[in-house]
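Results of the structural survey
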Amino acid sequence: MRITIEIDSKNEIEKLSALFKTLRSVKVISSNDSTTPIVKGDKKIDPSGLFGIWEDNPRSLENIRKGAWERNPQAG
């Protein structure tokens, strides 16, 4: 799981970072750190099984949006 916290004060960042470092299951990564590795996907996966999954039940953009809004508990 990834959580993003934006803080403007350098002092607050240091305090929060020190708190998180006391927890063993938390990894602190600075957004200024440009050494974040880029991991390439698994090219061995065959996506052809996904082709045509809505062939018998075509969907429009409006239907997709409507379904997304109905599932969103913050909507409305």
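Report follows, based on the coordinates. Remember, it's a predicted structure, so these values are computed and weren't measured experimentally.

Focus: the overall build of the chain
Looking only at helices and strands, the chain has two helices and zero strands in total. For the chain, the residues scored as buried account for 3% of the 76 residues in total. When the accessible area of the chain is evaluated, it comes to approximately 8200 Å², of which 53% is carbon and sulfur surface.

Brief notes about the pattern of salt bridges
Enumeration over the complete set of coordinates arrives at one salt bridge. A salt bridge links Glu12 to Lys15; the nearest nitrogen and oxygen atoms lie 3.9 Å apart. Taken together, the residues Glu12 and Lys15, both in helix α1 (residues 10-21) and three residues apart, mark about one turn of the helix.

Topic: α1
In a regular helix each residue adds 1.5 Å, so twelve residues correspond to 16 Å; α1 covers 16 Å between its end C-alpha atoms and thus fits that length. Sitting at the head of α1, Ser9 places a side-chain oxygen 3.3 Å from the backbone nitrogen of Asn11.

Thoughts on a nonpolar patch on the surface
Together, Leu50, Phe51, Ile53 and Trp54 make up an exposed nonpolar region whose accessible area comes to about 500 Å². Residue placement: Ile53 occurs in the loop between α1 and α2 (61-71).

Criteria and thresholds
Residues numbered from 1 in each chain as written. Predicted model: local features only at pLDDT ≥ 70, side-chain atom pairs only at ≥ 80, totals over all residues. Heavy atoms only, no water. Helix = DSSP H or I, 4+ residues; strand = E, 2+ residues; numbered from the N terminus. Buried < 20%, exposed > 50% of the residue type's maximum accessible area, 1.4 Å probe, protein only. Areas by Shrake-Rupley, 256 points an atom, 1.4 Å probe, with all protein chains shown as cover. Salt bridge = Lys/Arg side-chain N within 4 Å of Asp/Glu carboxyl O. Expected span 1.5 Å × (residues − 1). Polar contact = N/O pair within 3.5 Å; in protein donor to acceptor, adjacent residues only side chain to side chain. Patch = residues over 30% accessible without salt bridge, like charges linked within 9 Å, V, L, I, M, F, W, Y side chains within 5 Å.

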